[in-house]
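Results of the structural survey
Now for the letters of each chain:
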Amino acid sequence: MKHFDAVVVGAGPAGATAAYRLAVGGARVLLVDKVRFPRDKPCGGGVTTRAARLLPFSIDPVVEDVVDRFELRLDYRSSFERASDEPLCLMTQRRRLDEFLARKAEEAGAEFRDGVSVAFDDGNVVVGGERVAAGVVIGADGVNGLTARTFGLSRDHGHGVALEGNAPLDTRYRGRLVLELGVVPGGYAWVFPKGDHVNVGVGGWESEGPRLRDHLRRLCDVHGIDFAALNDLRGFRLPYRRASSTFASDKVLLVGDAAGLIDPLSGDGMYEAFVSAKIAVEAVLSGDLGAYESRVLAELGPLHGASWTAKYALDRFPRLTFAIARAPLAWGVISRIVRGDIKDPTAARGLSRAPLKALDRLGKIAQPA
């Protein structure tokens, strides 16, 4: 029976980067995925520069557009645009990004097996019918993952839902990320530029599931996109970790979506994937698995707390929240967070704290009892 220091289940961004870091650190690591690569995943495909800065290598080979402008609009009416002197978001496709990251892990020394079945049996991992021993299992198999179910880790996440599709590229969206606020309860609508197309989508509370198709049709109508001609139309769930949810046990660590680590305001999980993967690898290489969960919560807790506050404020007081976001001082903080210059709003100083305090008050009023 083969023995690995770590078996990483799931070769998405969290799993592949964990495997890469483990291999570079000298660990014997097996990276497995049930689907043959390259494969696509439902995802807007945006990698904020704060997320990209966490990687030990560039993803430029799979970047299709570089966003330095955000356009925000309320109720498909009032809008504003803000620009940055530096890139804010790198636009890619999961089919290309995940393949690139998995091959990086393989080049670093990880053994990569894709298109294989994965199961667990008496503490061992069964990969394509072969039993292998694992010192540690890193579950990176997403919101519906086998790892959490098998090892009894808490899965009582709340969920958001989203629906997306692709349309031919209109050059007016080059370098521009469009967010339509106040149009989907618990979320927003978006238009993201890619190499030869735009990704359009809507996301919100789980209760909006039956209405997502209508929300997406409205977004397309407003932007002059033929809804009936959308390609790759697909829906997906977003896990929102509850305070009671656990994502680590004695020899099992969950990372990324599998741990419910999604930003509740943006629905972005790429940054969380890279953060949790990095901390998981540090825990494995140091032999201190017990500190993993607390370290992840310390790193992401303040950001997610602020995101929940803003989410509730936007949902209940969209006009006031939009007015706060429109303030130049607020944009300074937002852009610095997106770029990774500061970790979360609590790091803001000086006059820029004024709009954040106003948003915090609104969110606390709007927060469910």
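Residues numbered from 1 in each chain as written. Predicted model: local features only at pLDDT ≥ 70, side-chain atom pairs only at ≥ 80, totals over all residues. Heavy atoms only, no water.

Focus on the overall build of the protein chain
- Counting its regular elements, the protein chain contains ten helices and 17 strands.
- Looking at the 369 residues of the protein chain, the share that counts as buried comes to 56%.
- In the protein chain, the proportion of contacts linking residues at least 24 apart, taken out of those at least 6 apart, comes to 73%.
- As displayed, the protein chain offers around 15,300 Å² of accessible surface, 51% of which is attributable to carbon and sulfur atoms.
- The average position of the 49 basic charges and that of the 46 acidic charges among the side chains of the protein chain differ by 4 Å. (Helix = DSSP H or I, 4+ residues; strand = E, 2+ residues; numbered from the N terminus. Buried < 20%, exposed > 50% of the residue type's maximum accessible area, 1.4 Å probe, protein only. Contact = heavy atoms within 4.5 Å. Areas by Shrake-Rupley, 256 points an atom, 1.4 Å probe, with all protein chains shown as cover. Lys, Arg positive; Asp, Glu negative; His and termini not counted. Charge placed at Lys NZ, Arg CZ, Asp CG, Glu CD.)

Some details on the nonpolar core
- Among the nonpolar cores identified, the biggest contains 75 residues, and Leu22, Leu31, Val47, Val125, Ile138 and Tyr292 are the most heavily contacted of them.
- It is helix H6 (residues 270–286) that contributes the most residues to this core, eleven residues altogether.
- If we skip the residues at most four places from it in the chain, Ile138 touches Val7, Val8, Val9, Ala18, Leu22, Leu253, Val255, Ala280 and Val284.
- Membership of the second largest hydrophobic core comes to 24 residues, among which are Met91, Ala162, Tyr188 and Ile262. (Core = buried A, V, L, I, M, F, W, Y, C linked by side-chain atoms within 4.5 Å.)

Observations concerning the pattern of salt bridges
- One pass over the structure, following the stated rule, counts 27 salt bridges.
- Put simply, Glu282 and Arg295 hold a salt bridge, and the shortest N to O gap is 2.8 Å. Here Arg295 lies in helix H7 (residues 292–316) and Glu282 lies in helix H6, a separation of 13 residues in the sequence.
- One salt-bridge network, in which partners are shared between bridges, spans Lys2, Glu111, Arg113 and Glu130. (Salt bridge = Lys/Arg side-chain N within 4 Å of Asp/Glu carboxyl O.)

Comments concerning the sheet that holds strand S6 (residues 78–83)
- One open sheet accounts for seven strands, arranged S6-S5-S13-S14-S15-S12-S16; its pairing is mixed. Of all the strands in the sheet, the pair left with one neighbour each is S6 and strand S16 (231–240). Each adjacent strand pair in this sheet contributes to an overall mean axis angle of 20°, direction not counted.
- Here strand S5 (residues 69–74) pairs with strand S13 (residues 176–181) via six bridges, running parallel. Pairing of Arg73 across the sheet is with Glu180, part of S13.
- Strand contacts of helix H8 (residues 318–326): S5, S6 and S13, with the helix running at about 30° to S6, the strand carrying the most contacts. (Pairing = 2+ DSSP bridges. Axes fitted to C-alpha atoms, helices over the stretch in contact; angles between N-to-C directions.)

So, the pairing of strand S15 (residues 197–205)
- Burial analysis of S15 places eight of its nine residues in the buried class, the great majority of the element.
- Across nine bridges, strand S12 (residues 158–168) lies against S15 in antiparallel orientation. Bridge pairing in S15 places Gly165 opposite Val200.
- For strand S14 (residues 188–193) and S15, the ladder comprises six bridges, and the chain directions are antiparallel. Within S15, the residue paired with Tyr188 across the bridge is Gly203.
- Between S14 and S15, which pair antiparallel in sequence order, lie three residues.

Regarding the sheet that holds strand S3 (residues 46–48)
- Strand order in this open sheet of three strands is S3-S7-S4, and the pairing throughout is antiparallel. Two strands lie at the open edges of the sheet, namely S3 and strand S4 (65–67), each paired on one side alone. Neighbouring strand axes in the sheet, compared pairwise and without regard to direction, differ in orientation by 25° on average.
- Bridge analysis of S4 against strand S7 (residues 89–91) gives three bridges, and the strand direction is antiparallel. The residue of S7 that forms the bridge with Asp65 is Met91.

Comments concerning H8
- Turning to H8, its buried residues number three or more, namely Thr321, Phe322, Ile324 and Ala325. Down the axis of H8, the smallest arc covering the buried residues is 160°, so these residues share one side.
- Contacts made by the buried residues of H8 are with S5, S6, S13, H7, helix H9 (328–339) and helix H10 (353–366). (Arc of directions from axis to C-beta.)

Some words on the environment of Tyr271
- Position of Tyr271 among the secondary structure elements: in helix H6.
- According to the relative accessible area criterion, Tyr271 is buried, its value standing at 7%.
- Note: C-alpha distance between Tyr271 and Thr48 (223 residues apart in sequence) is 7.5 Å.

Some thoughts on H9
- With twelve residues, H9 should cover 16 Å at 1.5 Å per step; its first-to-last C-alpha distance of 17 Å lies within 8% of that length.
- Looking only at H9, the buried set comprises Ala330, Trp331, Val333, Ser335, Ile337, Val338 and Arg339.
- Where H9 ends, the next residue or the one after it, Gly340, has phi of about 90°, a positive value. (Expected span 1.5 Å × (residues − 1).)

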